[in-house]
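Structure at a glance
Here are the chains, one letter per residue:
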Amino acid sequence: MNESPETNEEACRPCWQNCGVEADAEILAIDTMEDALTPVDEHTTRIRELITRFESCYHEADKEAESIIEAIGAGRCPEQPHTRPPGRQRELENSRAILSQWCEDPGGRRPNPDVGAFPADELLSSIGQATPLKIWQVRRIVDKVDSALDPGQPYHNMALDVGGYGEPASQPAGEYYRDDATFLERTRETFIHDTVEGRPARISLALAIDLLMPCHWDFAGGLVIILKAIGGDLHPKQPFACCSRNMNLSPLCPRLKAISNTLRLFWKGQEQSEDIDCKILAALGTATPARRWLAASLDKTIRLQLQSTSDCWLKFC
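Described below are features of the structure shown in this document.

Attention shifts here to the side chain of D299. If you trace the backbone, D299 turns up in helix 12 (residues 289-306). D299 gets classed as buried once you look at its relative accessible area, which sits at 0%. Within polar-contact distance, the side chain of D299 engages the side chain of R303 at 2.9 Å. D299 has contacts with S260, L263, R264 and W267, leaving out every residue within four places of it along the chain.

This is the structure we're talking about:
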């Protein structure tokens, strides 16, 4: 379902920052629902903050949405885990171990662990014969994974000149690598040629590494594409997915759409012919003004993220 809502020149409220759009008529109507609740209690505010942090490209976005829905029904936030799921933690640790060891000794014995469905040998074979440039590029991947495993180790962007939500970056992209200017430019000028929603596209190797998000649904697949590009294969069989790029390929899309449909039935009270999850509907409880506002916010957020236009990715390289 594609919607073309009437837009409003007024910027969205900060709580919509993970949607990256201007306010449309539906957002304005949802904001009016919020205004009618004034003052909003602390528990409701905290649940709305969870929605603001929600990302459909997260590898457990369906579970995250269900957790928010349980919070809406209960009227309070659940305990937030401070550790990532064990499977993803293992993928990140294995990635760092495999690639760090290769950087230190490219011709040495290869480690045993795998990353997702990809054995270490397959990952490293993708890179090919080691060169100073390849080692430098692989080290940037290690830096990216390090920043996820240790928040005290910041990653420095090579091409992405904005922050996590589109805010200005703290320093110009690439500034940190002034002493490696030649390697940086070679990485920026290397392009992966693939498709975005079936249309021919390209993305620079530097930007692809910047956007290799450890929490993304296709982290392992993206890592393989990047390593193959470093090895010279710039035409992957599968499109590169990152953030909202090729979001339609996520296996979580059907589930997220069903969640969104159910939320819309709850807050709008309209019959839906699309998939509805009765357990979610029951978890939401009685439709109070606060619950309707929160359900509307999560529904709209999911729809905007799943329906985000791919046009920017055809130019943003």
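Moving on to the pattern of salt bridges. The final tally for this structure, using the stated rule, is 19 salt bridges. In this structure, R188 and E185 form a salt bridge, with 3.1 Å as the shortest nitrogen-oxygen distance. Within this pair, R188 and its partner E185 are both found in helix 7 (residues 181-188), separated by 3 residues, close to a single helical turn. With relative accessibility at 33%, the residue E185 sits in the partly exposed group.

Between T38 and the following residue, P39, the backbone shows a cis peptide bond with an omega angle of -5 degrees. As for its position among the elements, P39 is in the loop between helix 1 (25-35) and helix 2 (42-52). Phi angles above zero are rare outside glycine, and E197 is one such case at about 50 degrees. Inspection of the secondary structure assignment puts E197 in the loop between strand 3 (191-196) and strand 4 (199-204). With a relative accessible area of 42%, E197 lands in the partly exposed category.

Moving on: the packing of helix 4 (residues 86-104) against helix 6 (residues 132-149). Where helix 4 contacts helix 6, the two axes come as close as 9 Å, and the packing angle between them is 150 degrees. The angle between the axes of helix 4 and helix 6 places the two elements in the roughly antiparallel class. The two elements helix 4 and helix 6 meet at a crossing, and its hand is left-handed. The residues of helix 6 that touch helix 4, namely those facing Q89, L92, E93, S95, R96, L99, S100, W102, C103 and E104, are K134, I135, V138, R139, I141, V142, V145, D146, A148 and L149.

To continue, consider helix 5 (residues 120-127). Listed in full, the buried residues belonging to helix 5 are A120, L123, L124, S126 and I127. Buried residues in helix 5, looked at end-on, bunch into an arc of 150 degrees, giving them a common side. For helix 5, the elements touching its buried residues are helix 4, strand 1 (114-115), strand 2 (118-119), helix 6 and helix 9 (219-230). G128 lies just past helix 5 and shows a positive phi near 80 degrees.

Cut-off values and rules
The residue numbers shown here count from 1 along each chain, following its written sequence. For this predicted model, a pLDDT threshold of at least 70 governs which residues receive local features, and a threshold of 80 or more governs which side-chain atom pairs are given and counted, while totals over whole chains, interfaces and linings are taken from all residues. Working from all heavy atoms in the structure, the side-chain values ignore hydrogens and water. The helix and strand labels rest on DSSP assignments: H or I over at least four residues marks a helix, E over at least two residues marks a strand, and numbering proceeds from the N terminus. Burial here depends on accessible area, computed with a 1.4 Å probe over protein chains only, as a share of the maximum for the residue type. Under 20% is buried, over 50% is exposed, and the range in between is partly exposed. Nitrogen and oxygen atoms within 3.5 Å of one another constitute a polar contact, given that in protein one can donate a hydrogen and the other can accept it, and given that sequence-neighbouring residues count only through two side-chain atoms. In what follows, residue pairs with any heavy atoms lying within 4.5 Å of each other are defined as contacts. Should a side-chain nitrogen of Lys or Arg be within 4 Å of a carboxyl oxygen of Asp or Glu, the pair is scored as a salt bridge. To get an axis, fit a line to the C-alpha atoms, keeping to the stretch in contact for a helix; angles then go from 0 to 180 degrees between the N-to-C directions. Oblique is the label for any angle not covered by the other classes, which are roughly parallel (under 35 degrees), roughly antiparallel (over 145) and roughly perpendicular (65 to 115). We call a crossing left-handed when the near helix sits turned anticlockwise from the far one by less than a right angle, and right-handed when that turn is clockwise. Note that the arc is computed from the directions linking the helix axis to the C-beta atoms.

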